[in-house]
Structures are given as C-alpha cells and as structure tokens.
Amino acid sequence: MKYETINNLRIPKIGFGTAQLGGRLFASRSRDSFYLSALRSAFELGYTHFDTADFYSFGHAEELIGRAAREANTKRASLFITTKVWPTRLTYKKVLRACENSLRRLQTDYIDSYLIHWPNPFVPLKETFRALNQLAKEGKIKHIGVSNFNVKLLKAAQLLSETPILADQVPYSLTRRPYAKNGLLEYCQQNNILVTAYTPISHGWIAANQTLQSIAEAHHATLHQIALAWLVNQPRVIAIPMSFDPTHQRENLDAADIQLTPSEMEQLNALR
Ligand SMILES: NC(=O)c1ccc[n+]([C@@H]2O[C@H](COP(=O)([O-])OP(=O)(O)OC[C@H]3O[C@@H](n4cnc5c(N)ncnc54)[C@H](OP(=O)(O)O)[C@@H]3O)[C@@H](O)[C@H]2O)c1
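Remember, it's a predicted structure, so these values are computed and weren't measured experimentally.

Reading the values: rules and limits
- Residues numbered from 1 in each chain as written.
- Predicted model: local features only at pLDDT ≥ 70, side-chain atom pairs only at ≥ 80, totals over all residues.
- Heavy atoms only, no water.
- Core = buried A, V, L, I, M, F, W, Y, C linked by side-chain atoms within 4.5 Å.
- Buried < 20%, exposed > 50% of the residue type's maximum accessible area, 1.4 Å probe, protein only.
- Helix = DSSP H or I, 4+ residues; strand = E, 2+ residues; numbered from the N terminus.
- Contact = heavy atoms within 4.5 Å.
- Near = heavy atom within 4 Å.
- Polar contact = N/O pair within 3.5 Å; in protein donor to acceptor, adjacent residues only side chain to side chain.
- Areas by Shrake-Rupley, 256 points an atom, 1.4 Å probe, with all protein chains shown as cover.
- 1 Å grid on protein atoms, 1.4 Å probe; cavity = no way out; pocket = protein on both sides within 12 Å on 5 of 7 lines; lining within 4 Å.
- Sits in = over half its atoms within 2 Å of the grid points.
- Nonpolar A, V, L, I, M, F, W, Y, C, P; charged D, E, K, R; others polar.
- Salt bridge = Lys/Arg side-chain N within 4 Å of Asp/Glu carboxyl O.
- Points joined across faces, edges and corners; volume = space filled by probe spheres on them.

*Asks:* Just to check I follow, could you spell out the nonpolar core for this structure?
*Replies:* For soluble globular proteins, the rule of thumb is that nonpolar side chains tend to be buried together. By size, the foremost hydrophobic cluster in this structure holds 81 residues, and its most contacted members are Phe 50, Tyr 114, Ile 141, Ile 226, Leu 260 and Leu 268. With eight residues, the single largest contributor to this core is helix α9 (residues 223-232). Discounting residues that sit within four places of it in the chain, Ile 141 has contacts with Cys 99, Ile 111, Tyr 114, Leu 132, Leu 135 and Ala 136. Listed in part, the eight residues of the second largest apolar core include Ile 6, Leu 9, Phe 80 and Ile 238.

*Asks:* Is there a simple way to explain the site of the ligand in this structure?
*Replies:* Among the 28 residues in the neighbourhood of the ligand, the closest are listed as Asp 51, Ser 243, Phe 244, His 248 and Asn 252. Contact between the ligand and Pro 200: an oxygen atom at 3.4 Å from a main-chain N or O atom of the residue. Within the backbone of His 203, one N or O atom sits 3.1 Å away from an oxygen atom of the ligand. Calculation on the ligand without its partners gives an accessible area of 900 Å², and the protein chains cover 85% of this total. Of the pockets mapped on this structure, the ligand occupies the largest pocket. Ranked by residue count, the leading element in the shell around the ligand is helix α10 (residues 246-255), at three residues. Residues of the shell around the ligand, tallied by class, amount to ten nonpolar, 14 polar and four charged.

*Asks:* Looking at this structure, how should I read the pattern of salt bridges?
*Replies:* As a working rule, side chains carrying opposite charge can pair if their charged atoms are close by. In total, this model carries eleven salt bridges according to the counting rule given. Arg 236 is the partner of Glu 4 in a salt bridge, and the nearest nitrogen-oxygen pair spans 2.5 Å. Of the two residues, Glu 4 sits in strand β1 (residues 3-6) while Arg 236 sits in the loop between α9 and β10 (237-239), which places them 232 residues apart along the sequence. Grouping residues by exposure puts Glu 4 and Arg 236 together as buried. For Glu 62, the salt bridge is made with Arg 105, and the minimal N-O distance between the two is 2.7 Å. Note that Glu 62 is positioned in helix α2 (residues 60-71) and Arg 105 in helix α3 (residues 92-106), a separation of 43 residues in sequence.

*Asks:* I keep staring at unusual backbone geometry and nothing clicks. Help me out?
*Replies:* Negative phi values dominate among residues other than glycine, just as trans dominates among peptide bonds. A positive phi angle, close to 60 degrees, is found at Asn 73, a residue other than glycine. Along the chain, Asn 73 turns up in the loop between α2 and β5 (80-85). A residue is classified by how much of its surface remains accessible, and Asn 73, at 70% relative accessible area, is exposed. Of note, the phi angle at His 203 is positive, near 60 degrees, even though the residue is not glycine. The topology assignment puts His 203 in the loop between β9 (194-198) and α8 (210-218). On the basis of relative accessibility, which here comes to 63%, the residue His 203 falls in the exposed class.

*Asks:* Explain empty space enclosed by the protein here, please?
*Replies:* Space left empty within the atom packing is revealed by a probe, the size of a water molecule, rolled over the atoms. Considering all chains together, one arrives at one cavity of 30 Å³ or more under this definition. Around the largest cavity, the lining residues are Ile 11, His 49, Phe 80, Thr 82, Ser 113, Leu 115, Leu 166, Ala 167, Gln 169, Leu 194, Thr 196 and Ile 238. Those elements giving two or more residues to the lining of the largest cavity turn out to be β5, β6 (111-116), β8 (165-171) and β9. Ranked by residue count, the leading element in the lining of the largest cavity is β8, at three residues. Of the residues in the lining of the largest cavity, the class split is seven nonpolar, five polar and no charged.

*Asks:* Sorry if this is basic, but what is going on with the side chain of Glu 4 here?
*Replies:* Assessed through its relative accessible area of 8%, Glu 4 is described here as buried. Within the local environment of Glu 4, its side chain forms a polar contact with the side chain of Lys 13, the two groups lying 2.8 Å apart. In terms of polar contacts, Glu 4 uses its side chain to reach the side chain of Arg 236, at 2.5 Å.

By themselves, these are just geometric observations and shouldn't be taken as functional.
The following block contains the structure:
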C-alpha cells in the first residue's frame, strides 16, 4: 500500500467508502449481516481508512463501522476514521451535538478527520469553525477537513481553522474532473492539503476504451484498478472507493501499488 504523508500523518492512498452501507438514505437493519460481512472482509484485507458520514443511512453506517471495528478487535490507533457533519447541522450547538452522536455511534472517543460534508450558505462558516476548533482543542477530533468546497471556500476555511485543513473531499475520477478543472486540485497540491477523491470509479461504470484497455493489459490489471491507480499516482490525491464485494475490495487495495509510467499518466490525463 502506498501512503500520503502530510502533517506527520501517514494516510493510505486507498480508503474504504461507505455511502451505501446500512441502507443508503434510510437505515435498513434487516441487511446488517450483509453489511457487517462486507466490513469484516475489509478489515481482514487490511483497510485502515474508513470514510463515512452522519448522513449515510441516518447514522447507521457509523454504527456498523463502530460495531465491525470492535468485533475485529482492531487497535483504535491503527485506524483512520473520517466522518462528516451534514449541512443542516452547521450551527455551533448542532455541530457539537452531531459530533457527540457520531462518536457514540462509532464507539470511539475521537474522530481522526471530521469534515463539513457540504457548504451551507445560510450558516456563517465562522460559527461552524468555532465549534470545530473547540472539538479539536478537546481532542474529540484530530483533524478538520471539508468536502465539496471550491478554492474560495477552502481559503475561507483555512483562515478560520486553528489547525491546518487536512483534506477537501470532492468528486474526482477519470470521467468526472470538475475540481481539477476549477483549480482546486492544483491549490491543494501547492498548499499541503489532501484531495480525497470520491466516487473514484464512477459508481463502478468504467467504460472500456483502447487506451484504458491497453494500459490495463500492460499491468495485468482491471479497468477499475487503472482508474484508481491514475488517481493515486497523483501527488496529494487519495481515493475512497466503496465495495461490498471482497474480490473488488482486494482489487481496489492492490490498485494503490500499480506504478503508472509518465506516458501512461499522460494518456489517461488526455481521456475525457
Ligand atoms: N463527500 C461527498 O459528498 C461524497 C459523495 C459521494 C461519495 N462519497 C464517498 O465516496 C465513496 C465512494 O464513492 P461512491 O460510493 O459514490 O462510488 P464508487 O466508489 O465510485 O463506486 C462504487 C460502486 O462501484 C462498484 N465497484 C467497486 N469496486 C469495484 C471494482 N474493483 N470493480 C468493479 N466494480 C467495483 C461497487 O460495487 P460492488 O459493491 O459490487 O463492488 C459499487 O457499486 C462513498 O462510498 C462515500 O464514502 C462522498
């Protein structure tokens, strides 16, 4: 596994996404054994970065991660847990309460990386950061980050945060590159901020084309692995694919070790 080293932290290039864990928009507890089995295989394969949110399945994704981590007997320090606070909970008091709820559901006393899930123009960012800075001082969150923030908003967040902004989580894949085009990626690379690529394999829909196919053949890899490798071969970029299938989970982890040549990177950069 390749890692990004940033602010004395070592974060795996590939983490585990959980947007549909626990039911997606609603908690669907009847399928818990299926979700727990997917998490069990992720722990066994060696995933250590889990990306979740209070929004996913009404908090049930966090509950399942907390339960699976306890059952896997994993040392807390070996895990890196990212969770997010939903934009309707960005006032001072609501952030504090949302964080307590996430901690309880995750069965932990700290969150490694706590992100504002989406900006909310109706709540001053200053108010949200008053709560986030307090949570960081109390040790309940180790790092503060954002998601779906453009450069202007990210700069505003940097000015308000008393600790360095760790990451901006944005959609980024071979087929979807809005934040590479609008300057966010370059800004993060120049300012020591992680870009966490979400939906990194386009919900599983990677269309075959000659370039992708020939690069995949050269590395004895699948198209999905090359799509992930292209992301994580970029400085400051990590990716968080989601999979409930143990074979895909393994392939996704292994993609971090595929070293693409400069020419292959150029060919993939040119794909649209
Ligand atoms: N911050 C935000 O606003 C935001 C928004 C969206 C997502 N996210 C985060 O990013 C994570 C990933 O994004 P995503 O879930 O939208 O999409 P994704 O990871 O691009 O795609 C997930 C889909 O791809 C399939 N898949 C995974 N690995 C595969 C492989 N090796 N070969 C073939 N198919 C594969 C999965 O099916 P199988 O289960 O069958 O493998 C699943 O249906 C989310 O889970 C969430 O944690 C954040």
